[in-house]
Amino acid sequence: MQYTTDKQDTLTILALQEENLNSLIAPELKSEFVYHRNDGVRNLILDLSKVKYVDSSGLSAILTANRIYKGFGSFVLTGVDSSAVRKLIEISRLDTILTIIPTLSEATDYVKMEELQRQLMEGEEE
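Residues numbered from 1 in each chain as written. Predicted model: local features only at pLDDT ≥ 70, side-chain atom pairs only at ≥ 80, totals over all residues. Heavy atoms only, no water.

A.B. asks: Kindly report on the sheet that holds strand E7 (residues 100–101), identifying the contributing residues and their values.
C.D. replies: Reading across the sheet, the 5 strands line up as E1-E2-E4-E6-E7 and stay open at both edges, with mixed pairing between neighbours. Either end of the sheet is taken by a strand with one partner, and the two such strands are strand E1 (3–7) and E7. Two strands pair when backbone bridges link them, and E1 and strand E2 (residues 12–16) are joined in this way by 5 bridges, in the antiparallel orientation. When the sheet's bridge partners are listed, Tyr3 is paired in E2 with Leu16. The strands touched by helix H1 (residues 26–38) within the sheet are E1, E2, strand E4 (43–47) and strand E6 (74–78), with E2 carrying the most contacts at an inclination of about 170 degrees. Across the sheet, helix H2 (residues 56–69) lies against E4 and E6, angled at about 150 degrees from E6, the strand it touches most. (Pairing = 2+ DSSP bridges. Helix = DSSP H or I, 4+ residues; strand = E, 2+ residues; numbered from the N terminus. Contact = heavy atoms within 4.5 Å. Axes fitted to C-alpha atoms, helices over the stretch in contact; angles between N-to-C directions.)

Listed below in structure tokens is the structure:
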């Protein structure tokens, strides 16, 4: 599986460098999500701008990330540029479950704002 990671202060961007997110890639991607979560990465952005095809295994990997980050931090999907990928997400109604932000820049801003909001809420609880 080809991908890049960009670790920033409050977030990590995992950019998949594959055209197909399928059953050959999905297990390793799931492992990568678990690794980042266990490594303390609180906010993860998955960039799919290079991906042109996703199958059910790929959707399962994305849902795994969404589940393990729920209540811990943020998981955001960006770069859903392929019409085939976008249609599959819409048909499976995952667009109602996942946080999908159009561009990487907007996704980064969104995650930073969510993190700031969480920090403010934690400060109020003390």
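On we go from here.
A.B. asks: Tell me about the pairing of E4, residues and numbers included.
C.D. replies: Judged by how many residues are buried, E4 sits mostly within the fold: 5 of 5 residues are covered. Residue alternation in E4 divides its side chains into two sets, Asn43, Ile45 and Asp47 and Leu44 and Leu46, and both sets are buried. (Buried < 20%, exposed > 50% of the residue type's maximum accessible area, 1.4 Å probe, protein only.)

A.B. asks: Can you lay out the environment of Ile97 for me, pointing to particular residues and giving the numbers?
C.D. replies: By secondary structure assignment, the location of Ile97 is in the loop between helix H3 (83–91) and E7. Accessibility expressed as a relative area gives 47% for Ile97, which makes it partly exposed. Along the primary structure Ile97 and Leu63 are separated by 34 residues, whereas in three dimensions their C-alpha atoms are 8.9 Å apart.

A.B. asks: Before we move on, can you summarise the packing of aromatic side chains with the specific residues and values?
C.D. replies: Aromatic ring pairs are reported here in terms of the distance separating the ring centres and the angle at which the planes meet. Taken as a whole and judged by the stated rule, the model has 3 aromatic pairs. Each ring, one from Tyr69 and one from Phe75, has its centre 6.5 Å from the other, and the planes form 25 degrees; the classification is stacked. Neither residue differs from the other here; Tyr69 and Phe75 are each classed as buried. One aromatic cluster is present, built from ring pairs that chain together Phe33, Tyr69, Phe72 and Phe75. Here the guanidinium or amino end of Arg37 rests over the ring plane of Phe72, the centre of that ring lying 3.6 Å away. (Phe/Tyr/Trp six-rings, centres within 6.5 Å; stacked < 30°, edge-to-face > 60°. Lys NZ or Arg CZ within 6 Å of the ring centre and 35° of its normal.)

Function-wise, these values are silent; they only describe arrangement.
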